[in-house]
Amino acid sequence: MMDMSLTKTHNLAVVATTLPAGISAKAVSEISASLNLILADMFALFFKTKNFHWHMTGPHFRDYHLLLDEQSAQIFAATDPIAERVRKLGGTTLRSMVHAVRLQRTADNDADDVAPRDMLAELLEDNQKLVARLREAHALCDRHEDVASASLIENWIDEAEGRAWFLAETIA
């Protein structure tokens with residue numbers, strides 16, 4: 001059974017929502033805010049990974065270029081399910097890149113010349129930070145008994161850990 005109520009999520013306009021059974025308006029607000037932060041970080045990590053993919057140089061160019069292309073595609077593939085989960089909960093999600101930039105916690109890197117090893121090390125650290133943030137979001141979902149969001153987050157944790165593993169092994 002769906003619960004009709006008014007809610008305000010992450011400083012966005014008050015909207016009428018249909019809440020999933022067993023999920024409170026407070027849970028929708030908190031989980032939506034958490035997932036929107038994750039979504040902003042995913043977009044930032046996607047752009048940084050693509051940036052490094054485009055600007056890769058050196059004797060391992062082909063291997064690193066292809067690795068970062070694969071990783072950026074995996075990151076981008078997670079963005080739509082994150083946003084759609086927020087909408088399924090009854091929340092609202094990012095509306096523009098400016099909105100995403102305001103929320104992102106993953107630092108950009110606009111430097112003109114970054115050494116390949118430094119690129120990979122930075123992406124390793126970013127993916128490790130993302131794992132920690134995903135675990136925090138998972139704990140929030142657990143507190144609110146939102147098993148569907150928690151289940152999706154588990155897959156994103158596994159993917160980010162996989163990216164971190166490949167990056168760590170590449171620069172070892």
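Our structure's up above, just so we're on the same page.
Residues numbered from 1 in each chain as written. Predicted model: local features only at pLDDT ≥ 70, side-chain atom pairs only at ≥ 80, totals over all residues. Heavy atoms only, no water.

Chemist: Would you take a moment to explain the overall build of the chain for this structure?
Modeler: Per the secondary structure count, the chain includes 5 helices and 2 strands. Secondary structure of the chain in N-to-C order comes out as β-β-α-α-α-α-α. Burial analysis of the chain (172 residues in total) assigns 49% to the buried set. If you take every contact in the chain between residues at least 6 apart in sequence, the share linking residues at least 24 apart comes to 71%. When the accessible area of the chain is evaluated, it comes to approximately 9,100 Å², of which 55% is carbon and sulfur surface. (Helix = DSSP H or I, 4+ residues; strand = E, 2+ residues; numbered from the N terminus. Buried < 20%, exposed > 50% of the residue type's maximum accessible area, 1.4 Å probe, protein only. Contact = heavy atoms within 4.5 Å. Areas by Shrake-Rupley, 256 points an atom, 1.4 Å probe, with all protein chains shown as cover.)

Chemist: Which parts of the structure should I look at to understand the pattern of salt bridges?
Modeler: If charged atoms from side chains of opposite charge come close, those side chains can pair. Applying the stated criterion across every chain, the model contains 9 salt bridges. The salt bridge partner of glutamate 30 is lysine 26, with a shortest N-O separation of 3.8 Å. Of this pair, glutamate 30 and lysine 26 both sit in helix H1 (residues 25–54), 4 residues apart, roughly one helical turn. Residue glutamate 30 is classed as partly exposed on the basis of its relative accessible area of 29%. A salt bridge links lysine 48 to glutamate 122, with the shortest nitrogen-to-oxygen separation between them at 2.7 Å. Within this pair, whereas lysine 48 is found in helix H1, its partner glutamate 122 is found in helix H4 (residues 116–143), the two being separated by 74 residues in sequence. Several salt bridges converge on common partners, so that one network encompasses Asp41, Arg105 and Arg133. (Salt bridge = Lys/Arg side-chain N within 4 Å of Asp/Glu carboxyl O.)

Chemist: Just checking my understanding: could you explain the side chain of arginine 163 for this structure?
Modeler: Looking at the secondary structure, you find arginine 163 in helix H5 (residues 147–171). Buried charge without a salt bridge: arginine 163, with glutamate 159 as the nearest opposite-charge side chain at an N-O distance of 4.5 Å. Of the polar contacts made by the side chain of arginine 163, one reaches the side chain of glutamine 74; its length is 2.8 Å. Every residue in contact with arginine 163, bar those within four places of it in the chain, is listed here: Leu45, Gln71, Gln74, Ile75, Asn127 and Leu130. (Lys, Arg positive; Asp, Glu negative; His and termini not counted. Polar contact = N/O pair within 3.5 Å; in protein donor to acceptor, adjacent residues only side chain to side chain.)

Chemist: Would you mind going over the nonpolar core with me for this structure?
Modeler: Soluble globular proteins tend to bury their nonpolar side chains together. Among the nonpolar cores identified, the biggest contains 45 residues, and Leu35, Met42, Ile82, Leu134, Ile153 and Trp156 are the most heavily contacted of them. It is H1 that provides the largest number of residues to this core, a total of 12 residues. What isoleucine 153 contacts, discounting residues up to four positions off in sequence, is Leu35, Leu134, Ala137, His138 and Cys141. (Core = buried A, V, L, I, M, F, W, Y, C linked by side-chain atoms within 4.5 Å.)

Chemist: How do you make sense of helix H2 (residues 61–89) when you look at a structure like this?
Modeler: Because the α-helix completes a turn every 3.6 residues, residues three or four places apart line up on one side. The terminal C-alpha atoms of H2 lie 43 Å apart, and with 29 residues this matches the ideal 42 Å at 1.5 Å per residue to within 8%. Just downstream of H2, glycine 90 is the residue with a positive phi angle, here 105 degrees. (Expected span 1.5 Å × (residues − 1).)

Chemist: What exactly am I supposed to notice about unusual backbone geometry here?
Modeler: Located in the positive-phi region is glutamate 145, a residue other than glycine, with phi close to 55 degrees. Structurally, glutamate 145 can be placed in the loop between H4 and H5. Judged by its relative accessible area of 66%, glutamate 145 falls in the exposed class.

Chemist: Is there a simple way to think about the packing of aromatic side chains in this case?
Modeler: Aromatic rings considered in pairs are described by the distance between their centres and by the relative angle of their planes. In this structure the tally under the stated criterion is 3 aromatic pairs. Between phenylalanine 46 and phenylalanine 47, the aromatic rings sit 5.3 Å apart at their centres with planes inclined by 70 degrees, giving edge-to-face as the arrangement. On the numbers, 5.2 Å between centres and 85 degrees between planes, the contact of tryptophan 165 with phenylalanine 166 is edge-to-face. Each member of the aromatic cluster is reached from another via a ring pair, and the members are Phe46, Phe47 and Phe76. (Phe/Tyr/Trp six-rings, centres within 6.5 Å; stacked < 30°, edge-to-face > 60°.)

Chemist: How should I be thinking about the packing of H2 against H5 in this particular structure?
Modeler: Packed helices, taken two at a time, are described by the angle between their axes plus the distance between the axes. The contact between H2 and H5 brings their axes to 11 Å, and the two run at 165 degrees. Considering their axes alone, H2 and H5 lie roughly antiparallel with respect to each other. Crossing of H2 against H5: the hand is left-handed. Residues Tyr64, Leu67, Leu68, Gln71, Gln74, Ile75, Ala78, Pro81, Ile82, Arg85 and Leu89 of H2 pack against Ala148, Ser149, Leu152, Trp156, Glu159, Arg163, Phe166, Leu167 and Thr170 of H5. For the contact of H2 with H5, the per-class residue count stands at 13 nonpolar, 4 polar and 3 charged. (Axes fitted to C-alpha atoms, helices over the stretch in contact; angles between N-to-C directions. Parallel < 35°, antiparallel > 145°, perpendicular 65-115°, else oblique. Left-handed = near helix turned anticlockwise from the far one by under 90°. Nonpolar A, V, L, I, M, F, W, Y, C, P; charged D, E, K, R; others polar.)

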